[in-house]
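# A look at the structure
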Amino acid sequence: QQLCRLSHSHRFTLQFCLWDFLRDLGETTVGGAEILKNLTDDDRAGFTVKSMSDTRIRNVARAFGWWIAKDCCTLSVLKPVDFAALKKPARAFMHELFVHVFANTQLATPWLASQDLPGARDKGALEDVFLKGAKLRALALGLTYYLREAFKAGDGFLDWASQIALQVLQSSVDVM
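So, a few notes on the structure that sits alongside this text. As the structure is a prediction and not an experimental result, all values here were calculated from the model.

What follows is about the overall build of the protein. Each helix and strand counted, the protein has nine helices and zero strands in total. Going residue by residue from the N terminus, the α and β elements of the protein occur as α-α-α-α-α-α-α-α-α. The proportion of buried residues among the 176 residues of the protein is 43%. Sequence separation of at least 24 residues holds for 71% of the intrachain contacts in the protein that already meet a minimum separation of 6. For the protein, the accessible area works out to roughly 9200 Å², and carbon and sulfur atoms hold 55% of it.

Okay, structure coming up:
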């Protein structure tokens, strides 16, 4: 966390790690043109979706949720993701990721899934995270689509957090 705050190269490396992970989940278009062009068939094989454990998916989502919420990296790491065409494992990962982003903006220590969702509701901390991600129009549109679909019905903390995120994203898209 501290290294990412201090060094752009560490944030960049973290971004590539996330893209590799998403490709392992079956999202073959994630990673940028040069990376994808240079991948061999062996590289594309990597982990298959079948070999990816639910525990690993949850743990990676938990880690990135904390890092995004605590400004170690921004939502812009998700810029190459096509949110409208996510495969099932990547959708599960994204849902877990955003639950952790929402929760960790409100807490001083990482939120663990076994705990109740936070009762505190600091709108400003949540808005800051999504304002940074909303600078890229395509990402803001993709996040808007995904959050509307993933957090459709509900009440309580997750509904509140997703509505705040959607408001921020929508206002930035309207300004662009």
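What follows continues from the structure just given.
On to the packing of aromatic side chains, then. Two aromatic rings, taken as a pair, are described by how far apart their centres are and by the angle between their planes. As enumerated under the stated definition, the model contains eleven aromatic pairs in all. Centre to centre, the rings of Phe-64 and Trp-67 are 5.1 Å apart; their planes meet at 85°, and the pair counts as edge-to-face. Residue Phe-64 and its partner Trp-67 are both found in helix α5 (residues 54–69); the two are separated by three residues, about one turn of the helix. With a centroid separation of 5.9 Å and an interplanar angle of 35°, the aromatic rings of Phe-102 and Phe-130 are classed as tilted. Here the residue Phe-102 occupies a position in helix α6 (residues 88–104), and Phe-130 occupies one in helix α7 (residues 123–133), the gap between them amounting to 28 residues.

We now examine the side chain of Gln-106. Inspection of the secondary structure assignment puts Gln-106 in the loop between α6 and α7. A polar side-chain atom of Gln-106 sits 2.9 Å from a polar atom in the side chain of Thr-105. Only 2.4 Å separates the side chain of Gln-106 from the backbone nitrogen of Asp-122, close enough to count as a polar contact. Here Gln-106 is in contact with Pro-118, Ala-120, Arg-121, Asp-122, Leu-126, Phe-157 and Trp-160, once residues within four sequence places are set aside.

The phi dihedral of Asp-71 falls on the positive side, at around 65°, and the residue is not glycine. Within the secondary structure layout, Asp-71 lies in the loop between α5 and α6.

The next thing to look at is the nonpolar core. Of all hydrophobic cores here, the largest spans 51 residues; its most connected members are Leu-78, Phe-93, Met-94, Phe-98 and Phe-130. Elements supplying a minimum of two residues to this core: α2 (8–24), α5, α6, α7, α8 (137–150) and α9 (157–175). The contacts of Met-94, once residues within four sequence positions are left out, are Leu-22, Leu-78, Val-81, Phe-83, Leu-86 and Tyr-146.

For the rest of this paragraph, the subject is α6. Helical geometry: 3.6 residues make up each α-helical turn, so side chains three or four residues apart lie on a common side. An ideal rise of 1.5 Å per residue puts 24 Å on 17 residues; α6 measures up with 24 Å between its terminal C-alpha atoms. With 13 of 17 residues buried, α6 is to be regarded as a mostly interior element.

Closest axis-to-axis distance for the α6/α8 pair is 11 Å, and the angle between their directions is 90°. Regarding the angle of α6 to α8, the classification is roughly perpendicular. Across the interface between the two elements, Arg-91, Met-94, His-95, Phe-98 and Phe-102 from α6 touch Leu-143, Tyr-146, Leu-147 and Ala-150 from α8. Looking at the contact of α6 with α8, its residues break down into seven nonpolar, one polar and one charged.

Within the secondary structure, Gly-142 is located in helix α8. Taking the relative accessible area as the measure of exposure, Gly-142 reaches 15% and is therefore buried. As a C-alpha pair, Gly-142 and Pro-80 span 62 residues in sequence and 9.9 Å in three-dimensional space.

Conventions used here
Residues numbered from 1 in each chain as written. Predicted model: local features only at pLDDT ≥ 70, side-chain atom pairs only at ≥ 80, totals over all residues. Heavy atoms only, no water. Helix = DSSP H or I, 4+ residues; strand = E, 2+ residues; numbered from the N terminus. Buried < 20%, exposed > 50% of the residue type's maximum accessible area, 1.4 Å probe, protein only. Contact = heavy atoms within 4.5 Å. Areas by Shrake-Rupley, 256 points an atom, 1.4 Å probe, with all protein chains shown as cover. Phe/Tyr/Trp six-rings, centres within 6.5 Å; stacked < 30°, edge-to-face > 60°. Polar contact = N/O pair within 3.5 Å; in protein donor to acceptor, adjacent residues only side chain to side chain. Core = buried A, V, L, I, M, F, W, Y, C linked by side-chain atoms within 4.5 Å. Expected span 1.5 Å × (residues − 1). Axes fitted to C-alpha atoms, helices over the stretch in contact; angles between N-to-C directions. Parallel < 35°, antiparallel > 145°, perpendicular 65-115°, else oblique. Nonpolar A, V, L, I, M, F, W, Y, C, P; charged D, E, K, R; others polar.

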